[in-house]
Amino acid sequence: MKKVLLCVIWLLFAAGASAQALWQGVPAGATSAEVQALMPEARVAPGDPLSKDEGVQLEIPVHELAGARFKVSFVFKADKLQRVTLLANEGSADGARALGQRLTTLLRSRYGLEMSTKSRGATSSLTIDRQWSFRRTSVHLHVVDETFVRLDYSGQVPPRTNRL
């Protein structure tokens, strides 16, 4: 009986551990209601038609990170969370690069060295475009339009094997 109970507990733990957390413990594939339960500060996104086309249903207007104020958007597809996007407007190219460098340091301490970057090996640090992969989660940091810093957390689809 103890062996059966231990197997059941192990299976439940394994099922829970396989949930893919994207950002702040919010799992990929969560519904908007589940996201709101985990993140009470998340609100229904205003009626911006551009954000609705992208699938943004919830947002946090202000989230402090690395000394900057980010807007957090939860992007859904078929009512399942696909991506979490953090966006900060630094107002200047220098401010955006400095924030990008601070975030790079934080992300490296959490996820290790980036797996790909368009700015690796560049002689200047004008461009920041880096990507990490950690436990089926992809993290993409880049500077957009020289003043915006964007950080995307998205789930990676496991590769499909073609079996004959």
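These numbers were taken from a predicted model, which means no experiment stands behind them. (Residues numbered from 1 in each chain as written. Predicted model: local features only at pLDDT ≥ 70, side-chain atom pairs only at ≥ 80, totals over all residues. Heavy atoms only, no water.)

## Points about the nonpolar core
Turning to step 1, where the next piece is worked out: Ranked by internal contacts, the top residues of the largest apolar core, which has 30 residues, are Trp23, Phe74, Leu81, Val84 and Tyr153.
Turning to step 2, where the next piece is worked out: Those elements that provide at least two residues to this core are β1 (21-23), β4 (56-65), β5 (68-77), β6 (80-89), α4 (93-111), β9 (137-144) and β10 (148-155). (Core = buried A, V, L, I, M, F, W, Y, C linked by side-chain atoms within 4.5 Å. Buried < 20%, exposed > 50% of the residue type's maximum accessible area, 1.4 Å probe, protein only. Helix = DSSP H or I, 4+ residues; strand = E, 2+ residues; numbered from the N terminus.)

## Comments concerning the pattern of salt bridges
Turning to step 1, where the next piece is worked out: With the rule as written, the count across this model stands at seven salt bridges.
Turning to step 2, where the next piece is worked out: Between arginine 108 and glutamate 114 there is a salt bridge, with the nearest N and O atoms lying 2.7 Å from each other.
Turning to step 3, where the next piece is worked out: Residue classification places arginine 108 among the partly exposed residues on the basis of a relative accessible area of 35%.
Turning to step 4, where the next piece is worked out: In this structure, arginine 150 and aspartate 152 form a salt bridge, with 2.9 Å as the shortest nitrogen-oxygen distance.
Turning to step 5, where the next piece is worked out: A relative accessible area of 21% means that arginine 150 is categorised as partly exposed.
Turning to step 6, where the next piece is worked out: Judged by relative accessible area, aspartate 152 falls into the buried class, the value being 8%. (Salt bridge = Lys/Arg side-chain N within 4 Å of Asp/Glu carboxyl O.)

## Structural notes on α4
Turning to step 1, where the next piece is worked out: Relative to the 27 Å expected for 19 residues at 1.5 Å per residue, α4 spans 26 Å between its end C-alpha atoms, a close match to the ideal helical length.
Turning to step 2, where the next piece is worked out: Among the residues making up α4, those that are buried are Ala96, Arg97, Leu99, Gly100, Leu103, Thr104, Leu107 and Tyr111. Down the axis of α4, the buried set is contained in an arc of 160°. They therefore lie on one face. Exposed residues lying more than 90 degrees from the buried face of α4 are Asp94, Thr105 and Ser109.
Turning to step 3, where the next piece is worked out: On the buried face of α4, the contacting elements are β4, β5, β6, β8 (129-134), β9 and β10. (Expected span 1.5 Å × (residues − 1). Arc of directions from axis to C-beta. Contact = heavy atoms within 4.5 Å.)

## Focus on the pairing of β5
Turning to step 1, where the next piece is worked out: Most of β5 sits inside the fold, with seven of its 10 residues counted as buried.
Turning to step 2, where the next piece is worked out: Here β4 pairs with β5 via seven bridges, running antiparallel. Along β5, the bridge assignment pairs glutamate 59 with serine 73.
Turning to step 3, where the next piece is worked out: Hairpin geometry of β4 and β5 is characterised by an intervening segment of two residues between the two adjacent antiparallel strands and by a positive phi of about 55° at alanine 66. (Pairing = 2+ DSSP bridges.)

## A closer look at unusual backbone geometry
Generally, phi is negative for residues other than glycine and the peptide bonds are trans, each holding for most cases.
Turning to step 1, where the next piece is worked out: A positive phi angle, near 45°, is found at arginine 135, a position not held by glycine.
Turning to step 2, where the next piece is worked out: Phi at aspartate 145 takes a positive value of approximately 50°, unusual for a residue other than glycine.
Turning to step 3, where the next piece is worked out: Summarising the element assignment, aspartate 145 is placed in the loop between β9 and β10.
Turning to step 4, where the next piece is worked out: Classification of aspartate 145 as exposed rests on a relative accessible area of 63%.

## Section: the pairing of β8
Turning to step 1, where the next piece is worked out: Both β8 and β9 contribute to a ladder of six bridges, which runs antiparallel. From the neighbouring strand, serine 133 faces β9, where its bridge partner is serine 138.
Turning to step 2, where the next piece is worked out: Linking β8 to β9, which pair antiparallel, is a turn of two residues; within it arginine 135 sits at a positive phi near 45°.

## Some points on the confidence of the model for the chain
Turning to step 1, where the next piece is worked out: For the chain, mean pLDDT is 81; residues scoring 70 or higher make up 74% of the total.
Turning to step 2, where the next piece is worked out: Across residues 4-18, confidence stays below pLDDT 50; counting only partners more than four residues off in sequence or on other chains, it has one contact. (pLDDT = per-residue confidence, 0-100.)

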